[in-house]
Amino acid sequence: MHQTHKALGILGGTFDPVHFGHLRMALELYEALDLAKVHIMPCFQPVHRKQPVATPEQRLAMVQSAVLDEPSLFADDREIKRKGPTYTIDTLLDMRSEMPDTPLCLLVGIDAFLGFPSWHRWKDILNYAHLIVAHRPNYQLPATGIVADLMKARLQNEIAFIHENLAGGILFRPITSLEISATDIRKQIAMGRNPRYLLPDSVYHYIKQHGTYSISRI
Ligand code: ATP
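Okay, so let's go over this structure.

Rules used in this analysis
- Residues numbered from 1 in each chain as written.
- Predicted model: local features only at pLDDT ≥ 70, side-chain atom pairs only at ≥ 80, totals over all residues.
- Heavy atoms only, no water.
- Near = heavy atom within 4 Å.
- Polar contact = N/O pair within 3.5 Å; in protein donor to acceptor, adjacent residues only side chain to side chain.
- Areas by Shrake-Rupley, 256 points an atom, 1.4 Å probe, with all protein chains shown as cover.
- Phe/Tyr/Trp six-rings, centres within 6.5 Å; stacked < 30°, edge-to-face > 60°.
- Core = buried A, V, L, I, M, F, W, Y, C linked by side-chain atoms within 4.5 Å.
- Buried < 20%, exposed > 50% of the residue type's maximum accessible area, 1.4 Å probe, protein only.
- Helix = DSSP H or I, 4+ residues; strand = E, 2+ residues; numbered from the N terminus.
- Contact = heavy atoms within 4.5 Å.
- Arc of directions from axis to C-beta.
- 1 Å grid on protein atoms, 1.4 Å probe; cavity = no way out; pocket = protein on both sides within 12 Å on 5 of 7 lines; lining within 4 Å.
- Points joined across faces, edges and corners; volume = space filled by probe spheres on them.
- Nonpolar A, V, L, I, M, F, W, Y, C, P; charged D, E, K, R; others polar.

1. Re the site of the ligand
Neighbouring residues of the ligand: 22 residues in total, closest His19, His22, Asp111, Leu178 and Thr183. Here Phe15 contributes a backbone N or O atom positioned 3.1 Å from an oxygen atom of the ligand. One of the side-chain nitrogen or oxygen atoms of Thr183 is found 2.5 Å away from an oxygen atom of the ligand. Notes on the ligand: free accessible area 600 Å², of which the protein chains cover 90%.

2. Description of the packing of aromatic side chains
Any aromatic ring pair is given by two values, namely how distant the centres are and how the planes are angled relative to each other. Scanning the model with the defined rule gives three aromatic pairs in all. Taken together, the ring pairs connect Phe116, Trp119 and Trp122 into an aromatic cluster.

3. Details of the nonpolar core
Counting 37 residues, the largest nonpolar core has Ile40 and Leu107 as its most contacted members. Sorting the residues of this core by element identifies α1 (20-33), β2 (38-42), α2 (56-67), β3 (73-75), β4 (104-109), β5 (130-134), α9 (182-190) and α10 (201-210) as the ones contributing at least two each. Apart from the residues lying within four places of it in its own chain, the contact partners of Ile40 are Leu11, Phe15, Leu23, Ala26, Val63, Val67, Leu73, Phe74, Ala75 and Asp76. Counting residues in each nonpolar core, the second largest holds 25 residues, with Met41, Leu106, Trp119 and Met151 among its members.

4. Concerning unusual backbone geometry
Here the amide bond leading from Asp16 into Pro17 is cis, since omega sits at 5°, within 30 degrees of zero. Here Phe15, not a glycine, exhibits a phi torsion of approximately 55°, which is positive. With respect to the helices, strands and loops of the structure, Phe15 is situated in the loop between β1 (8-13) and α1. Unusually for a residue other than glycine, Asp34 sits at a positive phi of about 55°. Note that Asp34 resides in the loop between α1 and β2.

5. Points about helix α4 (residues 88-98)
Those residues of α4 that sit buried are Ile89, Thr91, Leu92, Met95 and Arg96. The buried residues of α4 occupy an angular sector of 155° when projected down its axis, which confines them to one face. Among the structural elements, β1, β2, α3 (78-82), β4 and α6 (122-128) are those in contact with the buried residues of α4.

6. Quick notes on the layout of surface pockets
Considering only enclosed or pocket space, the largest pocket measures out at about 1000 Å³ in volume. Along the wall of the largest pocket there are 45 residues; nearest its centre are Gly12, Gly13, Thr14, Arg49 and Ala112. Of all elements in the fold, only β1, α1, α4, β4, α5 (110-114) and α9 reach the threshold of two or more residues within the lining of the largest pocket. The class makeup of the residues in the lining of the largest pocket is 19 nonpolar, 19 polar and seven charged. Of the pockets and cavities examined, the second largest pocket occupies roughly 170 Å³. What lines the second largest pocket is simply Phe20, Leu23, Arg24, Leu27, Ser65, Ala66, Asp69, Glu70, Leu73 and Pro200. Elements represented by at least two residues in the lining of the second largest pocket include exactly α1 and α2. Sort the elements by how many residues they give to the lining of the second largest pocket and α1 lands first, with four residues. Here the residues of the lining of the second largest pocket sort into six nonpolar, one polar and three charged.

These figures come from the coordinates and say nothing about function on their own.
In structure tokens form, the structure reads like this:
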């Protein structure tokens, strides 16, 4: 089936705070896969992990400031506006009804992909989106188990597949490996270290101005 719209990328996460690891992944996959745009989408309340330190509004504001001058990236506030526990399937249902002819691509780091079978209605997710898995160092793919079976059934090698089909494929793409983590940035700030050059200056200034990760909040 040939789609008339280019595929759209979605990079979800807590972004507590957004950093260059996230932003390079979004930009490199945008270019490599010829995506229409990448929506960077902070969740309201993550269901698989510890709750974020910064508020949803602060995490969104940091993402907005990070992508302000980059037209290929868009700060999408739909999960924050929806409130409640954030389930990706709800986001995809919402986007599919808004964009019935646009292939959707969930961009995930390999760490997130390894935990994919624990996501709410994970089998359904592949009816609404492709999964684009970005390689990160230090992660091994399993040879057996649900993730291995999923790859055998869904793996695609051609980029054309994600533009010609609305959902259902899994594609692996290498990205520049930047071992930056938000957890590490928060720890560095709490210890009084300078996190500059791990994240955009606009985000660094926002954090300084709002005392977002001061020791009392970590
Ligand atoms: P935390 O340290 O708080 O767990 P994080 O830095 O891993 O945060 P998340 O918001 O949890 O960031 O990640 C959102 C998405 O970005 C996930 O798919 C994750 O795999 C990916 N990601 C996170 N850090 C990097 C990085 N350095 N390079 C590439 N992808 C990344």
